[in-house]
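Coordinates in review
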Amino acid sequence: MPIDPDFRAKRKKVGTHSGHDVWGPVNPPKELGIHGTSVAVDWDICNGDAICSEVCPVNVFDMVEVQGHPTSNRKSDPARESDCIKCLACETNCPTKAIRIEK
Amino acid sequence: MEMRDFDSPAKNTWCPGCNNFGILAAVKQVLAELVNSGEARPEEIVILSGVGCHGKISDYIRVNSFYCLHGRTVPPAMGIKVANQRLKIIAFSGDGDAYAEGISHVVHAARRNLNMTLVVHDNEVFALTTSQVTPTTKRGFRTKSAPKGSFEAPLNPLHLMLSCGATFVARGFSGDPRHLRSILMEAVRHRGFSFIDVIQECVTFNPIKEKYLPKIYDLNKEGHDVTNFSAAWERASEVERIPIGIFYRVERETYEKQLLGERILAEEKPIPSIKKALQEFI
């Protein structure tokens, strides 16, 4: 199940993390929501593969550790989403389609 | 070093979704590994690129680079290698660049076994000039230069390189940057002419990824013998499935070793100042 492309309309901002918005629902450790707005990563889908971080030409992502999430213990965090040049390399290469770039 | 140390400040102007980003990432990772393993210092790495969308890769990697005329990545690469054998040479070319304008240079570099790596960004179309046929364009593909579809038989780059005597022949897929990184690393370490044809889509003019993806497989996981020329030729002939990986790899004396032995010409003749060198041409 890929990230919902309409999450901005359907979900609510419930907080911030490392300078970007977090879209709910968030009920840790099982439900972590979507991190970022222009570069959005659905942490409930992200499997911690890190290919996004490898292919990003401008180093937008940090890999962060989480505990007790059913999908993975490592999540991709769009820590520098304002640096994004919208090349879509992360979105294209993500194996679980967890990333959505605002076009 | 990390791959990020090879980021350049140049603004990237490839299209959104361009497969070149996957290739760029693979290259930076390989360069970092080369430096970290002590195989090359950053200043001993030289990249070259031709004309085409791929060519901008010279701007996007922070190492010494040479932006070449159309199809002419190999002649300057040869000059650089002969001047200083210690340098690691990685040349980038497009399918139009390498197989149309510059095909004769590629043929002779393979035949001579010049110790360099040639990576061809093969998207089967001249993309920078907004879609014309190249030597690898498939039959029936419609472009601005062939509105009724190309009627020419496409070139098989792997067959070309095998028949020219290339000692390392591989195919990558930009949709699998990690696999590409692994064969690029092998190619750069290979002593001799190493060639990688990278299948990539052009998201704007030739979006083939979804069509090719189900056919792609790694031939090195299927017991392929990379020293068997006939087996490599057979694999390179496959069209129903698309093999990626290393097709052929053998050792042969390199061009520069035969020419120079262990001599390093750049050390024998000190490099003059740029100003002085240019005065000869003014």
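One can find the structure itself at the top, above this paragraph.
Residues numbered from 1 in each chain as written. Chains lettered and ligands numbered in written order. Predicted model: local features only at pLDDT ≥ 70, side-chain atom pairs only at ≥ 80, totals over all residues. Heavy atoms only, no water.

1. Examining the side chain of D7 of chain B
Relative to the helices and strands, D7 of chain B resides in the segment before α1 (20-36). Judged by relative accessible area, which is 19%, D7 of chain B ranks as buried. Polar side-chain contacts of D7 of chain B include one of 2.6 Å to the side chain of K28 of chain B. Once residues lying within four places of it in the same chain are set aside, the contact partners of D7 of chain B are P57 of chain A together with K28, Y60 and R62 of chain B. (Helix = DSSP H or I, 4+ residues; strand = E, 2+ residues; numbered from the N terminus. Buried < 20%, exposed > 50% of the residue type's maximum accessible area, 1.4 Å probe, protein only. Polar contact = N/O pair within 3.5 Å; in protein donor to acceptor, adjacent residues only side chain to side chain. Contact = heavy atoms within 4.5 Å.)

2. So, the interface of chain A and chain B
How big an interface is tends to be expressed through the accessible area that disappears when the partners come together. In this complex, chain A contributes 17 residues to the contact, which on the side of chain B involves 18 residues. Here chain A packs against chain B, burying approximately 1,200 Å² in sum over the two surfaces, 48% of which is carbon and sulfur. If you sort the residues of chain A by the area they bury against chain B, E54, P57 and C87 of chain A come out on top, with a joint share of 38%. On the surface where chain A and chain B come into contact, there are seven residue pairs in polar contact (both at pLDDT 80 or more). Of all the elements, helix α2 (residues 51-55) of chain A adds the most residues to the side of chain A that touches chain B, at four residues. (Buried area = accessible area lost by both parts, 1.4 Å probe.)

3. Re the packing of aromatic side chains
All names here are of chain B. Counted by the stated rule, this structure contains five aromatic pairs over all chains. With a centroid separation of 5.4 Å and an interplanar angle of 85°, the aromatic rings of F229 and Y248 are classed as edge-to-face. With F229 in helix α9 (residues 229-237) and Y248 in strand β8 (residues 242-249), this pair connects stretches of sequence that are 19 residues apart. When its relative accessible area of 12% is taken as the criterion, Y248 is described as buried. (Phe/Tyr/Trp six-rings, centres within 6.5 Å; stacked < 30°, edge-to-face > 60°.)

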